[in-house]
Amino acid sequence: MAKVKKIFKFTYILFILSLLFVTSSFANSFNIQDLYLNNEEEFLLQINNDVNINFIYSKKYKQLANVIAKQIKGTHYVYENLLGSPKDFKLTIKLMNQEDFFNITNVPRWTNAIYFKKHIIFPIDDENQKFDIEFLKSLRHEYMHAFIYNLSNGKCASWFDEGIAQWAEGSTNPKLWNELEKFLEVHYALSFSNLENSYTTMPTYLVPVAYAESLFGIKYLIKNTDIKNFKKLFSLLNNGVSFNESFKNAFNLSVENFDYQISNILYKWKNSKDRKSFDDLINFSTHEDFNHVQARLEFKVFN
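Bear in mind that the values here come from a model prediction, so they are computed numbers and not experimental data.

Q: Before we move on, can you summarise the overall build of the chain with the specific residues and values?
A: Each helix and strand counted, the chain has 13 helices and five strands in total. Taken over 303 residues, the chain has a buried fraction of 50%. The long-range fraction of contacts in the chain, counting pairs at least 24 apart against all pairs at least 6 apart in sequence, stands at 74%. By element, 49% of the accessible surface of the chain is carried by carbon and sulfur atoms, the whole surface being about 15100 Å².

Dropping the structure here:
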């Protein structure tokens, strides 16, 4: 029982933001139509001719919905400049009372949001409707999943998808690195070839390791390759090329060789006698963090 409590305590801390692990795990546990309630309001946010986002919410959440819509516009611009322009992108953003949400979906109570069947659903605490930094991080994460699903026609490898979604949050929970560091003390790094699909079939203790390595891989690519390669990858995926072939053509590197590079970096770090902190290793350069990349893109617009 103590072990079970420890797992759930860790899960609460680490996965306070909704991740694909949650949405996949509960994909068959509820009908999306059950989330549509009586007397709801809605409006359409049309970013361009190809991007239509429908907001559905109870009247009491109207102000929050407007704030989210404003944030979506800026977020969409950054994602588009980083990854490419989605076509026929239709998304529903649903705001609902948290009790209704949890009763219908049966997802864990720590869930902040889920992306499910082209819906981003936010459970709202009626006593605290503030759009704070955690809400923004959750929005960035889930919107990235929706964005990538469209650009890749649902063919993006899970490790790449989850890595970008975490990077787009703007900051990382240090607990993520702690779990990877502990894992590497006794194991070799996980292979990306085993992280291509949903993480739901993994043992619980491996899930945070998978997320940490996914983020490590993306940060490495951003630091060591041309950011334009990300657009090339999604252009190829959108045209029906497999993920492994798209990755090789975009980054001039096979997934297998990339996997070896990352595993080798982690192995050498683990066996270094005077190794630096794992946080220093993983961060590479704050210049390549999402917030800095976002600021550079916004600077180009207004100057």
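Q: Explain helix H8 (residues 207-224) to me, using residue names and the numbers behind them.
A: With 18 residues, H8 extends 26 Å between its outermost C-alpha atoms, agreeing within 8% with the 26 Å of an ideal straight helix rising 1.5 Å per residue. With 16 of 18 residues buried, H8 lies mostly within the body of the structure.

Q: Which residues make up the nonpolar core, and what values do they have?
A: In terms of nonpolar packing, the biggest core is built from 80 residues, with Ile-68 and Phe-160 touching the most fellow members. Considering each element in turn, this core owes the most residues, eleven residues, to H8. Setting aside chain neighbours within four positions, we find Phe-160 in contact with Ile-218, Leu-221, Phe-230, Leu-233, Phe-234, Phe-243, Phe-247 and Phe-251. Listed in part, the ten residues of the second largest apolar core include Ile-32, Phe-101, Phe-102 and Phe-116.

Q: I'd like a rundown of the pairing of strand E2 (residues 51-57), residues and numbers included.
A: Walk down a regular strand and you will see the side chains alternate between the two sheet faces. For E2, a buried count of seven out of seven residues is recorded, marking the element as mostly surrounded by other parts of the structure. Side chains Val-51, Ile-53, Phe-55 and Tyr-57 project from E2 onto one buried face, and the interleaved Asn-52, Asn-54 and Ile-56 project onto a second face that is buried too. By the bridge criterion, seven bridges tie strand E1 (residues 41-48) to E2 in an arrangement that is antiparallel. Looking at E2, one finds that Glu-41 is bridged to Tyr-57. In textbook terms, the turn of a hairpin is the stretch between consecutive antiparallel strands, and for E1 and E2 this stretch comprises two residues. Sheet topology note: the E2/strand E3 (residues 89-97) ladder contains seven bridges and is parallel. The partner of Tyr-57 across the bridge, within E3, is Leu-95. The parallel pair E2 and E3, bridged by helix H3 (residues 62-83), forms a crossover whose chirality is left-handed.

Q: Kindly report on the packing of helix H6 (residues 158-167) against H8, identifying the contributing residues and their values.
A: With their axes 8 Å apart at the nearest point, H6 and H8 run at an angle of 75° to one another. By the angle between their directions, the pair H6 and H8 is classed as roughly perpendicular. Taken together, the residues of H8 that come into contact with H6 (itself represented by Trp-159, Phe-160, Glu-162, Gly-163, Ile-164, Gln-166 and Trp-167) are Tyr-211, Ser-214, Leu-215, Ile-218, Lys-219, Leu-221 and Ile-222. Looking at the contact of H6 with H8, its residues break down into nine nonpolar, three polar and two charged.

Cut-offs and rules
Residues numbered from 1 in each chain as written. Predicted model: local features only at pLDDT ≥ 70, side-chain atom pairs only at ≥ 80, totals over all residues. Heavy atoms only, no water. Helix = DSSP H or I, 4+ residues; strand = E, 2+ residues; numbered from the N terminus. Buried < 20%, exposed > 50% of the residue type's maximum accessible area, 1.4 Å probe, protein only. Contact = heavy atoms within 4.5 Å. Areas by Shrake-Rupley, 256 points an atom, 1.4 Å probe, with all protein chains shown as cover. Expected span 1.5 Å × (residues − 1). Core = buried A, V, L, I, M, F, W, Y, C linked by side-chain atoms within 4.5 Å. Pairing = 2+ DSSP bridges. Right-handed = clockwise from strand over helix to strand, strands pointing away. Axes fitted to C-alpha atoms, helices over the stretch in contact; angles between N-to-C directions. Parallel < 35°, antiparallel > 145°, perpendicular 65-115°, else oblique. Nonpolar A, V, L, I, M, F, W, Y, C, P; charged D, E, K, R; others polar.

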